[in-house]
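Summary of structural features
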Amino acid sequence: QTKLGAANDDVDERLLCQTMTKICDVKLARGAVQRLFQPLREQVAMLKRHHSNISEVDRAAFNEEKILPLQNQEMQKIRVKIEGFREDVRSFRAEFLDRCPWEVRMQ
């Protein structure tokens, strides 16, 4: 075999290895892509079952005029709950310090 033939064989072998590596990468990626898209497929199927379409859902999701007041109401409810919890903790702490069976030293 000539030097040129040996060089071509080396190039062919390298290209074959690169091609096989790419094929392997594609096979690995295919599984990952299928796992990533499965939840999306399930959502689309659910929308179809409920006779809704994605454009309606998108419009509703990005309609800030409707969503913003609802978000503000929920934030206010959360603030009220947080304040109630804060008061419960204060009461519990005061009662605990008042009734605890050992001496508490404040530093």
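Rules and cut-offs
- Residues numbered from 1 in each chain as written.
- Predicted model: local features only at pLDDT ≥ 70, side-chain atom pairs only at ≥ 80, totals over all residues.
- Heavy atoms only, no water.
- Helix = DSSP H or I, 4+ residues; strand = E, 2+ residues; numbered from the N terminus.
- Buried < 20%, exposed > 50% of the residue type's maximum accessible area, 1.4 Å probe, protein only.
- Areas by Shrake-Rupley, 256 points an atom, 1.4 Å probe, with all protein chains shown as cover.
- Phe/Tyr/Trp six-rings, centres within 6.5 Å; stacked < 30°, edge-to-face > 60°.
- Salt bridge = Lys/Arg side-chain N within 4 Å of Asp/Glu carboxyl O.
- Patch = residues over 30% accessible without salt bridge, like charges linked within 9 Å, V, L, I, M, F, W, Y side chains within 5 Å.
- Lys, Arg positive; Asp, Glu negative; His and termini not counted.
- Charge placed at Lys NZ, Arg CZ, Asp CG, Glu CD.

- With an unreviewed UniProt entry as reference, the chain is termed Dynein heavy chain tail domain-containing protein, source organism Cladocopium goreaui.

**Overview of the overall build of the chain**
- The helix and strand inventory of the chain stands at three helices and zero strands.
- Put simply, the chain runs from its N terminus to its C terminus through helices and strands in the order α-α-α.
- Counting all 107 residues of the chain, 3% fall into the buried class.
- For the chain, the computed accessible surface area is about 10400 Å², with 59% contributed by carbon and sulfur atoms.

**Quick notes on the packing of aromatic side chains**
- According to the stated counting rule, one finds one aromatic pair in the structure shown.
- Pairing F92 with F96 gives two aromatic rings, centres 6.1 Å apart and planes at 20°, and the pair type is stacked. Highlighted residues: F92 and F96, both in helix α3 (residues 64-99), separated by four residues, approximately one helical turn.
- The class of F96 is partly exposed, set by a relative accessible area of 37%.

**Quick look at the pattern of salt bridges**
- Summed over all chains, the structure comprises four salt bridges.
- Between R86 and E83 there is a salt bridge, and its shortest N-O distance comes to 2.7 Å. Of this pair, R86 and E83 both sit in helix α3, three residues apart, roughly one helical turn.
- Taking the relative accessible area as the measure of exposure, R86 reaches 39% and is therefore partly exposed.
- Between R90 and E87 there is a salt bridge; the shortest N-O distance is 2.4 Å. Remark: E87 and R90 occur in helix α3; sequence separation between them is three residues, near one turn of the helix.

**Topic: a negative patch on the surface**
- A contiguous patch of negative charge, built from D9, D10, D12 and E13, is present on the exposed surface.
- Inspection of the secondary structure puts D9 in helix α1 (residues 3-49).
- Judged by relative accessible area, D9 falls into the partly exposed class, the value being 37%.

**Concerning a nonpolar patch on the surface**
- Judged by side-chain polarity, V33, L36, F37 and L40 come together as a nonpolar surface patch covering roughly 380 Å² of accessible area.
- Topologically, L36 is positioned in helix α1.

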